[in-house]
Amino acid sequence: MESLGSLNKDSFVSLLSKLIGESKFVQNNPPELIPQEDRIVNHVLDSLRPYSTETGGGPLVINHVAYHSGRGNLIVEYPGSVPGKILSFVGMHMDVVTANPDEWEFDPFSLSIDGDKLRGRGTTDCLGHVALVTELMKRLGETKPALKSSVVAVFIASEENSSIPGVGVDMLVKDKLLDKLKSGPLFWIDTADKQPCIGTGGMIPWKLHFTGKLFHSGLAHKAINAMELGMEGLKEIQSRFYRDFPPHPQEKVYGFATPSTMKPTQWSYPGGGINQIPGECTISGDVRLTPFYDVKEVMKKLQEYVDDINTNIENLATPGPVSKYVLPDENLRGRLTLSFDEASAGVACNLDSRGYHVLCNATKEVVGHVKPYSITGTLPLIRDLKDEGFDVQTSGYGLMATYHAKNEYCLLTDMCQGFDVFVRIISQLEQD
């Protein structure tokens, strides 16, 4: 494996510069911004074509698969000698989140270099990884080591936004183009900070609408204050949630930064004078759920809380002596209505799998220590892969502090270590 050496920094930076130069055109925020991932694919192909079976007489088998025009995925395989023995690097996505140049200290859409910092939209998430894994596959194509394992890289479209379905890895799985990856570890390369990310959260976006009765604020006894109903109703729902879904013992094992949470993030009402008690308002937020609880069970429970509060609304706490949620003379009752947007489940990676041990060993050798972590951020695509039977492990070599942030950057030294980790992963799996 010595033949694979270390990352060719000049080649990596040159490729990354081309990719970041396209980042403006791969921002993913439909309907305004629909990424054209093939602009990235073309640069990757330019790097790898000289080593392709089709065009360069080399060992790399390349498959460019597009389900929407201009929005391709790329599967690159370096074949090994033992049938069924395989490892894969997946999840390097070719779209980015949006960036507003007016809010950045440097141009987000061109690569700039400041010492060890490589700056621009996509350097950490995830064009830096696209360039890194391209360099790995290029090196395999150049040096042609005799491997037992096939090494497969899957560069994907449409990771940052799922509002346009049927573009990326979901389709590759559906069309069984990744089935053979199930027989070995799959490393999802789209996290950060050089350590294995072994757990992610589920997300349940919710909306609570509160209906009361609008009235003059000087005659509070004739109103049902929708804002007070919202405050007290949400407080009751939260206390029941934390009672039913407390911190789970496995969260310590996986090193989750937080337990499951249920909280408001948006509040709106139709507007009105300062002297009007509002008759309706809406509070929205999310549940972030550690993967040891069931998303559907939580949604069912939340609905049960709301039904119970509606049935027994007289018993809901009030902030003052005149506040109330029932006006018997008018036959009016305050009401809560709950709705959900699309929910997704979290992932707990298999800590007994060969892929996990190999990743930990490689990380310890290269970085000097290994400290796996978990967060209640969501990676729904990983959950789908795990459910399909893949041994998914995740890592990444950008910086969590600049993920989706203004002034995004990564460190060249971190990317060099990422390359070394990949080489050691391949090397360890050769010994099986």
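If you look the protein up in an unreviewed UniProt entry, it shows as Peptidase M20 dimerisation domain-containing protein from Brassica rapa subsp. trilocularis.

A.B. asks: With reference to specific residues and values, describe the overall build of the protein.
C.D. replies: When you go through the protein residue by residue, the secondary structure sums to 10 helices and 20 strands. For the protein, the spread of C-alpha atoms along the three principal axes comes to 85 × 45 × 40 Å. For the protein, the proportion of its 432 residues judged to be buried stands at 55%. Surface summary for the protein: the accessible area is close to 18500 Å², and the carbon and sulfur share equals 51%. Each charge class in the protein can be summarised by its mean position, and for the 41 positive and 54 negative side chains these summaries are 2 Å apart.

A.B. asks: Outline the packing of helix H1 (residues 9–20) against helix H2 (residues 38–48), supporting the account with residue identities and numerical values.
C.D. replies: For the pair H1 and H2, interaxial distance at closest approach is 9 Å and the crossing angle is 160°. The angle between H1 and H2 places the two elements in the roughly antiparallel class. Here H1 and H2 pass one another in a crossing that is right-handed. Here Leu-15, Lys-18 and Leu-19 of H1 lie close against H2, whose contacting residues are Ile-40, His-43 and Ser-47. Among the residues making up the contact of H1 with H2, the classes are represented as three nonpolar, two polar and one charged.

A.B. asks: Account for the pairing of strand S3 (residues 86–93), with residues named and values stated.
C.D. replies: Counting buried positions along S3 yields eight of eight residues, so the element is predominantly enclosed. Bridge count between S3 and strand S6 (residues 150–156): seven bridges; the pairing is parallel. Residue pairing in the sheet places Leu-87 in a bridge with Val-151 of S6. Direction of pairing for S3 relative to strand S7 (residues 185–189): parallel, over a ladder of three bridges. Looking at the pairing, Phe-89 lines up with Phe-187 of S7.

A.B. asks: With reference to specific residues and values, describe the packing of aromatic side chains.
C.D. replies: Using the criterion set out here, one finds nine aromatic pairs in the structure. Geometrically, the ring pair formed by Phe-241 and Phe-245 is tilted, given 5.3 Å between the ring centres and 40° between the ring planes. On the accessibility criterion, Phe-241 (0% relative accessible area) is buried. Seen in terms of ring centroids, Tyr-254 and Phe-292 are 5.4 Å apart; in terms of plane orientation they differ by 55°. Their pairing is tilted. Taken together, the residues span a long stretch of sequence, with Tyr-254 in helix H6 (residues 249–254) and Phe-292 in the loop between strand S13 (280–289) and helix H7 (295–311) at a distance of 38 residues. The rings of Phe-89, Phe-187, Tyr-397 and Phe-422 are connected pair by pair, giving a single aromatic cluster. The side chain of Arg-39 reaches across the aromatic face of Phe-25, ending 3.8 Å from its centre. Above the face of the Tyr-409 ring, Lys-117 is positioned so that its terminal group lies 4.6 Å from the ring centre.

A.B. asks: Tell me about the pattern of salt bridges, residues and numbers included.
C.D. replies: Tallied over the full model, the rule gives 19 salt bridges. With a closest N to O distance of 3.6 Å, Glu-142 and Arg-139 form a salt bridge. Remark: Arg-139 and Glu-142 occur in helix H3 (residues 127–143); sequence separation between them is three residues, near one turn of the helix. Residues participating in the shared-partner salt-bridge network are Glu-236, Arg-240 and Asp-308.

A.B. asks: Could you give an account of H2, naming the residues involved and the relevant values?
C.D. replies: Quick reminder: α-helices carry 3.6 residues per turn. Residues three or four places apart thus point the same way. By the criterion of burial, H2 is predominantly enclosed, with eight of the 11 residues buried. When we look at burial in H2, the residues that qualify are Asp-38, Ile-40, Val-41, His-43, Val-44, Leu-45, Ser-47 and Leu-48. Packed against the buried residues of H2 are H1, strand S1 (61–66), strand S2 (72–78), H3 and S6.

Cut-offs and rules
- Residues numbered from 1 in each chain as written.
- Predicted model: local features only at pLDDT ≥ 70, side-chain atom pairs only at ≥ 80, totals over all residues.
- Heavy atoms only, no water.
- Helix = DSSP H or I, 4+ residues; strand = E, 2+ residues; numbered from the N terminus.
- Buried < 20%, exposed > 50% of the residue type's maximum accessible area, 1.4 Å probe, protein only.
- Areas by Shrake-Rupley, 256 points an atom, 1.4 Å probe, with all protein chains shown as cover.
- Lys, Arg positive; Asp, Glu negative; His and termini not counted.
- Charge placed at Lys NZ, Arg CZ, Asp CG, Glu CD.
- Axes fitted to C-alpha atoms, helices over the stretch in contact; angles between N-to-C directions.
- Parallel < 35°, antiparallel > 145°, perpendicular 65-115°, else oblique.
- Left-handed = near helix turned anticlockwise from the far one by under 90°.
- Contact = heavy atoms within 4.5 Å.
- Nonpolar A, V, L, I, M, F, W, Y, C, P; charged D, E, K, R; others polar.
- Pairing = 2+ DSSP bridges.
- Phe/Tyr/Trp six-rings, centres within 6.5 Å; stacked < 30°, edge-to-face > 60°.
- Lys NZ or Arg CZ within 6 Å of the ring centre and 35° of its normal.
- Salt bridge = Lys/Arg side-chain N within 4 Å of Asp/Glu carboxyl O.

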